[in-house]
Every structure is written in C-alpha cells, then in structure tokens.
Amino acid sequence: MDINEFIKHGKHHRELMTQFEQVNILLHQLTDGNYQSLDVYMNNCNHLREQINSAMSLLRNREFEEYLIQHDAPLYYNLQSVMLAVQMLKNLLENLAGTMKRSVLECA
C-alpha cells in the first residue's frame, strides 16, 4: 500500500467503515426490531438515511472511490448494495405515495 494514499484517504476510509457498521446495525433493527411506536421506527429510518447520505458524499470524491475499490473492495461493494437497496425502497415509497394521492383524488 502506498503510504501517501493511506495518509490522504485513511481518515475517510475509517469514517466509511464506521458508517457502514452503523448502517448495518440500523438495518438489522429495522428488519428484526419490534417497535412500540411508528415514531421510533421513523427515527431509525432517519438515522439510516443520514448515514447513507454521509457515505454517499464521501464516495462522490472519485479519487477516494478509486482508492477504496483498490484497497477495500468488499466495503465498497457492500456499501453500493445497501445504497441501491435503500434507493429502491425510497422509490417504492414515493411511487406508493403518488398512487395513493391519485387514488384519493379519483374517489373525491
């Protein structure tokens, strides 16, 4: 490993690893948890969104993205998979909301 690359990108790499750990914890809670209120569930969804957005902002740096692919491909591809799944869920919810709005307007 090139020491200069590590010095330049190591901090972001550690930050991304921490974010990915937090994302995994939240995903497990959201899929397996027994929530007593919708507010608590939505709060976890918001935390998940924040972690995903933060990770995405780090990966927008093409130089860092290339570093990560070279030095920690499993983390990179795991994050990409999670981000795609979350984006897909977001799209589903937005489409459902739009469908429900149209349905309510048609019934009125």
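Residues numbered from 1 in each chain as written. Predicted model: local features only at pLDDT ≥ 70, side-chain atom pairs only at ≥ 80, totals over all residues. Heavy atoms only, no water.

1. With respect to helix H3 (residues 62-71)
- Within the span of H3, buried status applies to Phe 64, Glu 65, Tyr 67 and Leu 68. Taken around the axis of H3, the buried residues stretch over an arc of 160°, which confines them to a single face.
- Next to the buried residues of H3 lie helix H1 (3-32), helix H2 (38-59) and helix H4 (73-107).
- Capping the start of H3 is the job of one residue whose side-chain oxygen sits 3.0 Å from the backbone nitrogen of Glu 63: Asn 61. (Buried < 20%, exposed > 50% of the residue type's maximum accessible area, 1.4 Å probe, protein only. Helix = DSSP H or I, 4+ residues; strand = E, 2+ residues; numbered from the N terminus. Arc of directions from axis to C-beta. Contact = heavy atoms within 4.5 Å. Polar contact = N/O pair within 3.5 Å; in protein donor to acceptor, adjacent residues only side chain to side chain.)

2. Structural notes on the confidence of the model for the protein chain
- For the protein chain, the mean per-residue pLDDT works out to 90, and 98% of the residues sit at or above 70.
- Within the protein chain, the lowest mean pLDDT, 88, falls on H4, and the highest, 94, falls on H3. (pLDDT = per-residue confidence, 0-100.)

3. Here we look at the packing of aromatic side chains
- Evaluated as defined, the whole model comprises three aromatic pairs.
- When the centroid spacing of 6.2 Å and the interplanar angle of 25° are considered together, the rings of Phe 64 and Tyr 67 count as stacked. Taken together, the residues Phe 64 and Tyr 67, both in helix H3 and three residues apart, mark about one turn of the helix. (Phe/Tyr/Trp six-rings, centres within 6.5 Å; stacked < 30°, edge-to-face > 60°.)

4. Structural notes on the pattern of salt bridges
- Enumeration over the complete set of coordinates arrives at four salt bridges.
- Residue Glu 63 pairs with Lys 8 through a salt bridge whose shortest N-O separation is 2.2 Å. One end of the pair, Glu 63, is in helix H3; the other, Lys 8, is in helix H1, and 55 residues separate them in sequence.
- Of the residues examined, Glu 63 reaches a relative accessible area of 40% and is grouped as partly exposed.
- The partner of Glu 65 in a salt bridge is Arg 62, with the nearest N and O atoms 2.6 Å apart. (Salt bridge = Lys/Arg side-chain N within 4 Å of Asp/Glu carboxyl O.)

5. Regarding the side chain of Gln 51
- In this fold, Gln 51 is placed in helix H2.
- The exposure class of Gln 51 is buried, given its relative accessible area of 18%.
- Side chain to side chain, Gln 51 and Gln 22 meet in a polar contact 3.0 Å long.

6. Some points on the environment of Gly 10
- Relative to the elements of secondary structure, Gly 10 occurs in helix H1.
- In this structure Gly 10 comes out as buried when scored by relative accessible area, which is 2%.

7. Concerning H1
- Look at H1: 41 Å from first C-alpha to last across 30 residues, which is about the 44 Å you get at 1.5 Å a residue.
- At His 9, H1 shows its largest bend, some 55°.
- Those residues of H1 lying buried are His 9, Gly 10, His 13, Leu 16, Gln 19, Phe 20, Val 23, Leu 26 and Leu 30.
- Structurally, H1 contributes buried residues whose contacts are with H2, H3 and H4. (Expected span 1.5 Å × (residues − 1). Bend = angle between axes of the 7 residues up to and from the residue.)

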